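In case you want the letters, here they are:
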Amino acid sequence: MDGLRDLLNKRIMIIDGAMGTMIQRYKLSEADYRGTRFADYPSDLKGNNDLLSITQPQIIKAIHLEYLEAGADIIETNTFNAQAVSMADYDLSSLSYELNIASAKCARAAVDEFLEKNPSRRNEPGPFVAGAIGPMNKTLSLSPDVNNPGFRSISFEEVADAYLEQITGLVDGGVDLLLIETIFDTLNAKAAIYAVKKYFRDSKKPELPLMISGTITDASGRTLSGQTLEAFYTSVQHANPISIGLNCALGADQMRPHIEELSQIAFCYISAYPNAGLPNTMGEYDEQPEETAHFIEEWAEEGFVNIVGGCCGTTPDHIRHIAEHVKKIKPRPVPVIEEIFSA
């Protein structure tokens, strides 16, 4: 993906904003989630946003298009929970592969339509489709039973197998890169990385660029499973990601010191897509687009980032403001690792 690297060296790239926030605006009913195919399905399906790539693909494509029009260079597939483990909550584990193909095709169709409407955009690489691989609803590092700290509800092999199926669907659907995101348990992320490497080794296909994005849960600067940011980076750098970064949990103001720290230790590009501030008492996000953009502009001016965008609560308006605020700022230069030879 030389085109992706060329853009990253040229300017700060923009990743899209929240999918869930945009889906909520449609105020979909249980019947909307079911569509025709799942009209008589025995389990409740409302809230299964990933399923909409099959039952309401026009909505998912429209959301992608809004982000592309707002200036996104990278759009994420609607697959945050689209692996067999999380889909078991809806009794839809068997649908994982199909969901990932459908979601990747929704995003690809949006890119194609965007380029048809904006032919001048063809003068540079992209926009790119990132296959989104979320953290899963089960954790390998923490016990779900406070009375039995050694208990795990799932094994490493089960997690890796679920991710492998998801990755296969995403690649078969036509993504340009893979994004392991919202990592709160690094062992889950390691299973995802293992699955990525296994897929390309076994399929003998050219390896796609890999983005990795962790989640610092509070002011302590640690992930939910207790790792410091430096420890997290050290744990995943062997995957040789094209970028590493942070998303979710924090707003841009709260995320700043952690992005600064990461920018000082990482030997790859840095990504950051924070929430639209912290949620209010109703669980909603109040930070306005210009506020989020102002914080991220400061990061950019300090030379912390290469890829920026938004997570929970952000909208195309947030992405539009962010893109406008950083468009003239140079990206963070990637440190060069010097080889040391003994005499």
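Look up: the structure comes first, before these words.
Parameters at a glance
- Residues numbered from 1 in each chain as written.
- Predicted model: local features only at pLDDT ≥ 70, side-chain atom pairs only at ≥ 80, totals over all residues.
- Heavy atoms only, no water.
- Helix = DSSP H or I, 4+ residues; strand = E, 2+ residues; numbered from the N terminus.
- Rg over C-alpha atoms; globule rule 2.2 N^0.38 Å.
- Contact = heavy atoms within 4.5 Å.
- Areas by Shrake-Rupley, 256 points an atom, 1.4 Å probe, with all protein chains shown as cover.
- Lys, Arg positive; Asp, Glu negative; His and termini not counted.
- Charge placed at Lys NZ, Arg CZ, Asp CG, Glu CD.
- Disulfide = S-S within 2.5 Å.
- Buried < 20%, exposed > 50% of the residue type's maximum accessible area, 1.4 Å probe, protein only.
- Expected span 1.5 Å × (residues − 1).
- Arc of directions from axis to C-beta.
- 1 Å grid on protein atoms, 1.4 Å probe; cavity = no way out; pocket = protein on both sides within 12 Å on 5 of 7 lines; lining within 4 Å.
- Points joined across faces, edges and corners; volume = space filled by probe spheres on them.
- Phe/Tyr/Trp six-rings, centres within 6.5 Å; stacked < 30°, edge-to-face > 60°.
- Core = buried A, V, L, I, M, F, W, Y, C linked by side-chain atoms within 4.5 Å.

1. Looking at the overall build of the protein chain
Thought 1: Scanning the protein chain for helices and strands turns up 13 helices and eight strands.
Thought 2: For 343 residues, the compact-globule formula gives about 20 Å, and the C-alpha radius of gyration of the protein chain, at 19 Å, lands near that figure.
Thought 3: For the C-alpha atoms alone, the extent of the protein chain along its principal axes is close to 65 × 55 × 50 Å.
Thought 4: For the protein chain, the proportion of contacts with a sequence separation of at least 24, taken over those separated by at least 6, is 77%.
Thought 5: Element-wise, carbon and sulfur atoms account for 51% of the exposed surface of the protein chain, whose accessible area totals about 15100 Å².
Thought 6: Of the charged side chains in the protein chain, 29 are positive and 48 negative; the average position of the first set lies 5 Å away from that of the second.

2. Digging into the state of the cysteines
Thought 1: Scanning all chains against the criterion turns up zero disulfides.
Thought 2: Unpaired in this structure, Cys311 has its nearest cysteine sulfur neighbour in Cys248, at a distance of 4.0 Å.
Thought 3: Look at Cys311 and you get buried, because its relative accessible area is 11%.

3. Points about helix 12 (residues 289-301)
Thought 1: Taking 1.5 Å per residue as the helical rise, helix 12 with its 13 residues ought to reach 18 Å, and the 18 Å between its terminal C-alpha atoms agrees with that figure.
Thought 2: Within the span of helix 12, buried status applies to Pro289, Thr292, Ala293, Ile296, Trp299 and Ala300. Here the buried residues of helix 12 occupy an arc of 115° about the axis, which is enough to place them on one side.
Thought 3: Close packing links the buried residues of helix 12 with helix 11 (252-265), strand 7 (269-275), strand 8 (307-308) and helix 13 (316-326).
Thought 4: Backbone geometry just downstream of helix 12 places Gly303 in the positive-phi region, at approximately 80°.

4. Section: the layout of surface pockets
Thought 1: Considering only enclosed or pocket space, the largest pocket measures out at about 750 Å³ in volume.
Thought 2: Every residue lining the largest pocket is counted, 37 residues in all, and those nearest its centre are Ala18, Met19, Gly20, Thr21 and Cys312.
Thought 3: Contributions of two or more residues to the lining of the largest pocket are made by helix 2 (19-24), helix 6 (84-87), strand 4 (177-183) and strand 6 (243-251).
Thought 4: With four residues, helix 2 is the single largest residue contributor to the lining of the largest pocket.

5. Notes on the packing of aromatic side chains
Thought 1: Summed over all chains, the structure comprises three aromatic pairs.
Thought 2: Taken together, a centroid distance of 5.8 Å and an interplanar angle of 80° make the contact between Phe38 and Tyr41 edge-to-face.
Thought 3: By relative accessible area, Tyr41 is classed as partly exposed at 22%.

6. Things to note about the nonpolar core
Thought 1: Core analysis: the largest hydrophobic core is formed by 94 residues, its most contacted members being Ile167, Leu178, Ile180, Ile212, Ile244, Trp299 and Val305.
Thought 2: Sorting elements by how many residues they give to this core places helix 7 (residues 96-117) first, with nine residues.
Thought 3: When residues no more than four places from it in sequence are discounted, the contact partners of Ile167 are Ile133, Leu178, Ala192, Ala195, Val196 and Tyr199.
Thought 4: Counting residues in each nonpolar core, the second largest holds 17 residues, with Leu4, Leu7, Leu179 and Cys311 among its members.

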